[in-house]
Amino acid sequence: MSLLSTTPIMAFSATTDAARAKAFYQDQLGLRLIGDEPFALVFDAGGTMLRVQKVKEVRGAQYTALGWQVPDIRAKVEELEKAGVKFEHYGFPGQDEKGIWTPPGSTTKVAWFKDPDGNTLSLTQF
């Protein structure tokens, strides 16, 4: 029985300012806008539907809400920096000047940034 194992997943985020979120996700992150619906902005994120819900209040999560798996994190960080994205620096041991963190004993690399509503987003290279 497959239940949901063969059904495409979609992602969600939220915004209190649809115009600002549209500019960030479309212009700075380069996602293709599929629709601007009454309750959400809809983007194509590499074949996954991302619905940025239009809400009255965003309660920032204390964890990563949305992330992308990338083959070359340094190149992607530099590309996004040129588009105006600011990366977070948490002071973790192993976090470099670009904000790319390599956990102790691992080859995985992670970099975090925030959208205009304070949602924590990330890039990960495995």
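Whatever comes next refers back to the structure up there.
Once a new chain begins, its residue numbering starts again from 1 and follows that chain's sequence as written. Reporting in this predicted model follows two pLDDT cut-offs: at least 70 for local features of residues, and 80 or more for side-chain atom pairs to be given and counted; totals over whole chains, interfaces and linings ignore these cut-offs and use all residues. The side-chain numbers reported here are obtained from all heavy atoms of the structure, hydrogens and water having been left aside.

## Let's talk about the layout of surface pockets
Keep this limit in mind: Using only the protein atoms, space was sampled on a 1 Å grid; points where a 1.4 Å probe fits but cannot get out form cavities, open sets with protein on both sides within 12 Å along at least five of seven lines form pockets, and lining residues are those with an atom within 4 Å of a point. Grid points are joined across faces, edges and corners, and a volume is the space filled by probe spheres set on the points. Strands are runs of DSSP state E lasting at least two residues, helices are runs of H or I lasting at least four, and both sets are numbered from the N terminus onward.
Within this model, the largest pocket holds a volume of roughly 240 Å³. Lining the largest pocket are 14 residues, with L29, W68, K76, L80 and L123 positioned closest to its centre. Of all the secondary structure elements, the ones that give two or more residues to the lining of the largest pocket are α1 (18-28), β5 (66-69) and α2 (73-82). Per-element accounting of the lining of the largest pocket gives the leading share, 3 residues, to α2.

## Overview of the pattern of salt bridges
Where we set the bar: Put simply, a salt bridge is a Lys or Arg side-chain nitrogen that is within 4 Å of an Asp or Glu carboxyl oxygen. Classification of residues uses two cut-offs on accessible area relative to the type maximum, computed with a 1.4 Å probe and protein chains only: under 20% is buried, over 50% is exposed, and between them is partly exposed.
Counted according to the given criterion, the structure contains 10 salt bridges. With its nearest N and O atoms 2.4 Å apart, the salt bridge here joins R74 to D96. Placement of R74 in helix α2 and of D96 in the loop between α2 and β6 (109-114) is noted, with a sequence separation of 22 residues between them. The exposure class assigned to R74 is partly exposed, which follows from its relative accessible area of 33%.

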